[in-house]
Amino acid sequence: MIAALIIFLATYLFLAGAELPFLKLDRPGGAVAGAVAMVAFGVLTPEQVYRDAINWDTLVLLLGMMILTSLMARAGIFRWVSWAALERAHGPRTLLLAIVAVAGGLSALLVNDTICLMCTPIVLALVDEARLPPLPYLLALAFASNAGSVATLTGNPQNMLIGTLSGIGYAHFAKALILPAVLSLGCVFLVLRLAFRRELAPSSRVDAHVPEPPLRRGHALLCAGALVFVVAGFLAGYNLAWTAMLGAALLLIVTRGDPREIFAQVDGTLLLFFAALFVVTHGVAQAGIAERLYHSLEPAFGSDAVQQTVRFGAFTVAACQLVSNVPFVLLASHWIPKMADPHLSWLSLALVSTLAGNLTPVASVANLIVLELAGNKGKIPFLRFLLVGAGATFLPLVVGLATLLAERRWGLLSR
């Protein structure tokens, strides 16, 4: 018990971004060290790690979606779709709306971090050509990719975790969260339009002519077919992980590219990070720490489903700022079954943990990707980001949770 508690606290210290002068460990490194310590100090046996701790479905699903998105990126789909949509926006505000719509829509189908990685260069090129301030459009890309990814189980890593841990089907999840996601995107647009009203004031027609990104049309058609095949499999209720892997494998075969180039783009560090977190949180649960922690917090969450949704949602926002959304979702997964309405709690956890990423620059990987790729053009004081991010977090959260609770009241969340 004591060993597990010390390992848990030390691991989550690294997940919170702490830097110790005598250790050069980042979040993935801290998670791996914690996982190894759980075995080394006898909290878990190697057999328990292999058999019980790691949720292989989540890792396989994430791997399959990474391969699919890598193949689609190689075909030039993301940049071409972004360019085609943004080229048709001929005003500062319509350009902002186009970015929100494109980023949100693409992130609903595929992993949001990849969308940010692929779309940031084309957004920068367009605003540079149009001589517009880049910041509102960069934030639109980051915030909208988070908000749009709420809609489906494959929109972001934490939703994938929730899907495999909760057993909620793809179609049911989308049915419950598409409307909150769409309304959240509308809130993001309104917040940015208000926060940057001077920069987005009506001006002369924006006619930016950025060269059309290359598109491998044959491969793009094959990728579109594979995506339709995979989503159809999801909606039909087939296993998410192996449906994604089947689509990825078929696409690898028919595109006849070099698989090594595709596999090189897969984020192996993220997969290792997930596996290590599974081990740490299973050790915490095995030692009874997760249960004791929940019992100490349970009175603050209330007793009925509505209270728990609101109060646990507020707690989730704060916790995600400290340790990021994926580690918190893994820890919270041990608590959700004990709540008054576990089904509602899983859905609200997906909504809140994702939108919480808009609050600070480091709260989501999407934010970091956009700001890092933008370089000096993405520089924004922390307090200003926090002010804008608060609006892009709490307004969508209020609207999204109210919508989710209304759907529950109307019986739309029943399986």
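Enquirer: I tried to follow the overall build of the protein on my own but got confused; where do I start?
Expert: Looking only at helices and strands, the protein has 20 helices and 0 strands in total. Expected size for 415 residues packed as a compact globule is a radius of gyration near 22 Å; at 21 Å, the protein falls within 12% of this value. With respect to the principal axes defined by its C-alpha atoms, the protein has extents near 65 × 55 × 50 Å. Across the protein, every contact between residues at least 6 apart in sequence was considered, and the portion connecting residues at least 24 apart equals 80%. Element-wise, carbon and sulfur atoms account for 66% of the exposed surface of the protein, whose accessible area totals about 17,700 Å².

Enquirer: Just to check I follow, could you spell out the packing of aromatic side chains for this structure?
Expert: Centre distance and the angle of the planes are the two values used to describe a pair of aromatic rings. Going through the model one piece at a time under the given rule, you end up with 14 aromatic pairs. Judged by centre distance (6.3 Å) and plane angle (45°), the ring pair of Trp 80 and Trp 83 falls under tilted. Placement of both Trp 80 and Trp 83 in helix H5 (residues 77-86) is noted, with a separation of 3 residues, approximately one turn of the helix. An aromatic cluster of three or more residues is present, and its members are Tyr 294, Phe 301, Phe 312, Phe 315, Phe 328 and Trp 335.

Enquirer: Looking at this structure, I do not really get empty space enclosed by the protein. What am I missing?
Expert: Empty pockets left among the atoms are what a rolling probe the size of a water molecule brings to light. Applying the stated criterion across every chain, the model contains 2 cavities of 30 Å³ or more. What lines the second largest cavity is Ser 82, Leu 86, Ile 99, Val 102, Ala 103, Cys 119, Val 123 and Leu 141. When residues of the lining of the second largest cavity are traced back to their parent elements, those giving at least two are H5, helix H6 (92-109) and helix H7 (112-130). Top contributing element to the lining of the second largest cavity by residue count: H6, with 3 residues. The residue inventory of the lining of the second largest cavity, partitioned by class, reads 7 nonpolar, 1 polar and no charged.

Enquirer: Honestly, unusual backbone geometry in this entry has me stumped. Any pointers?
Expert: In most cases, non-glycine residues show a negative phi, while peptide bonds are predominantly trans. For Ser 324, which is not a glycine, the phi torsion comes out positive at approximately 80°. With respect to the secondary-structure elements, Ser 324 resides in the loop between helix H16 (305-323) and helix H17 (325-332). Taking relative accessible area as the criterion, Ser 324 reaches 14% and is therefore assigned buried.

Enquirer: Got a minute to help me understand a nonpolar patch on the surface in this structure?
Expert: There is a patch of nonpolar side chains on the surface, built from Leu 222, Phe 229, Leu 246, Leu 250, Ile 253 and Val 254 and spanning about 520 Å² of accessible area. Looking at the nonpolar patch, the elements with two or more residues in it are helix H11 (217-236) and helix H12 (240-255). With 4 residues, the top contributor of residues to the nonpolar patch is H12. The topology assignment puts Phe 229 in helix H11. Given the relative accessible area of 39%, Phe 229 is considered partly exposed.

Rules used throughout
Residues numbered from 1 in each chain as written. Predicted model: local features only at pLDDT ≥ 70, side-chain atom pairs only at ≥ 80, totals over all residues. Heavy atoms only, no water. Helix = DSSP H or I, 4+ residues; strand = E, 2+ residues; numbered from the N terminus. Rg over C-alpha atoms; globule rule 2.2 N^0.38 Å. Contact = heavy atoms within 4.5 Å. Areas by Shrake-Rupley, 256 points an atom, 1.4 Å probe, with all protein chains shown as cover. Phe/Tyr/Trp six-rings, centres within 6.5 Å; stacked < 30°, edge-to-face > 60°. 1 Å grid on protein atoms, 1.4 Å probe; cavity = no way out; pocket = protein on both sides within 12 Å on 5 of 7 lines; lining within 4 Å. Points joined across faces, edges and corners; volume = space filled by probe spheres on them. Nonpolar A, V, L, I, M, F, W, Y, C, P; charged D, E, K, R; others polar. Buried < 20%, exposed > 50% of the residue type's maximum accessible area, 1.4 Å probe, protein only. Patch = residues over 30% accessible without salt bridge, like charges linked within 9 Å, V, L, I, M, F, W, Y side chains within 5 Å. Salt bridge = Lys/Arg side-chain N within 4 Å of Asp/Glu carboxyl O.

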